Amino acid sequence: VGVNRCVHALSWSEEGALAYGAHHMAAIYDPKAAEVKCTVVGHTGMVSCVHWVSKQVAPGMPPGSELLITGSADLSLRVWAVDKGGTGAMPWAHLATLQGHKGAVTDVCVHLLHPCEQQQGAAQGQSPPSFLLVSTAGDSEVHVWRCDPHAASTSGNSSTPSQQQQQQQ
């Protein structure tokens, strides 16, 4: 399974698996076995970025399972639970699709929230998020998503470069 020619279309997991963009999918490669274990299917455009979410950010994941974020030319991000030890026909589960960009998604990263920040969300009547997921795209916007992998919920907002400058003033 070939790799897409995108700068951010490759990510190593803490457990040693490699995820990379492969056309409209993400391929999960096991370097020890030197083989693609599975492909994660769901995007309708080329996968342009992938990012494994560390166990520190999402500690409630079952052993052998990790969160994977993929971004695509289809203007969306997808959140997946990948069971790298799974032998079933589909060792991954689609948890959420995040939409809002008007251009192809170019990069994604995550930021672990401090427990005090998590409690702020709970105090406002929201499910307490575990982390922020930040995405950029060809539309020159930055989207920030508050994520709780335990509830598979997300909420977000975005800002253009001009809005960011106004917020800093």
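Residues numbered from 1 in each chain as written. Predicted model: local features only at pLDDT ≥ 70, side-chain atom pairs only at ≥ 80, totals over all residues. Heavy atoms only, no water.

Asks: Mind laying out the state of the cysteines, listing which residues take part and the relevant values?
Replies: Under the definition given, this model contains zero disulfides. Free cysteine cysteine 109: the closest other cysteine sulfur is in cysteine 49, separated by 10.0 Å. The exposure class of cysteine 109 is partly exposed, given its relative accessible area of 37%. (Disulfide = S-S within 2.5 Å. Buried < 20%, exposed > 50% of the residue type's maximum accessible area, 1.4 Å probe, protein only.)

Asks: Tell me what's going on with the sheet that holds strand β1 (residues 10-12), and back it up with residues and numbers.
Replies: One open sheet holds the four strands; their spatial order is β1-β2-β3-β4, and the pairing between them is antiparallel. Where the open sheet ends on each side, the last strands, each with one partner, are β1 and β4 (35-41). Strand-to-strand twist of the sheet, defined as the mean angle between neighbouring strand axes without regard to direction, takes the value 25°. In the sheet, strand β2 (residues 18-22) pairs with strand β3 (residues 25-30) via five bridges, with the strands oriented antiparallel. From the neighbouring strand, alanine 22 faces β3, where its bridge partner is methionine 25. (Pairing = 2+ DSSP bridges. Helix = DSSP H or I, 4+ residues; strand = E, 2+ residues; numbered from the N terminus. Axes fitted to C-alpha atoms, helices over the stretch in contact; angles between N-to-C directions.)

Asks: Can you lay out the nonpolar core for me, pointing to particular residues and giving the numbers?
Replies: Soluble globular proteins tend to bury their nonpolar side chains together. Core analysis: the biggest nonpolar cluster contains 18 residues, and Val53, Leu67, Ile69, Leu77, Phe131 and Leu133 have the highest contact counts within it. Elements with a contribution of two residues or more to this core: β5 (47-53), β6 (65-72), β7 (76-83), β8 (92-99), β9 (105-112), β10 (131-137) and β11 (142-148). In terms of residues, this core owes the most to one element, β7, which gives three residues. (Core = buried A, V, L, I, M, F, W, Y, C linked by side-chain atoms within 4.5 Å.)

Asks: Help me get a handle on unusual backbone geometry, residues and values and all.
Replies: Phi is positive for histidine 23, which is not a glycine, with a value near 60°. Even without being glycine, serine 140 reaches a positive phi, approximately 65°. Within the secondary structure, serine 140 is located in the loop between β10 and β11. Since its relative accessible area comes to 46%, serine 140 is described here as partly exposed.

Asks: Tell me about the sheet that holds β6, residues and numbers included.
Replies: Backbone-to-backbone hydrogen bonds pair the strands of a sheet. The strands run either parallel or antiparallel. Read from one edge of the open sheet, four strands run β5-β6-β7-β8, paired in antiparallel fashion. Edge strands, defined here as strands with exactly one partner in the open sheet, are β5 and β8. Strand-to-strand, the axes of this sheet are offset by a mean angle of 20°, without reference to chain direction. Here β6 runs beside β7; their pairing, made up of seven bridges, is antiparallel. Within the sheet, the bridge partner assigned to serine 65 lies in β7 and is aspartate 83.

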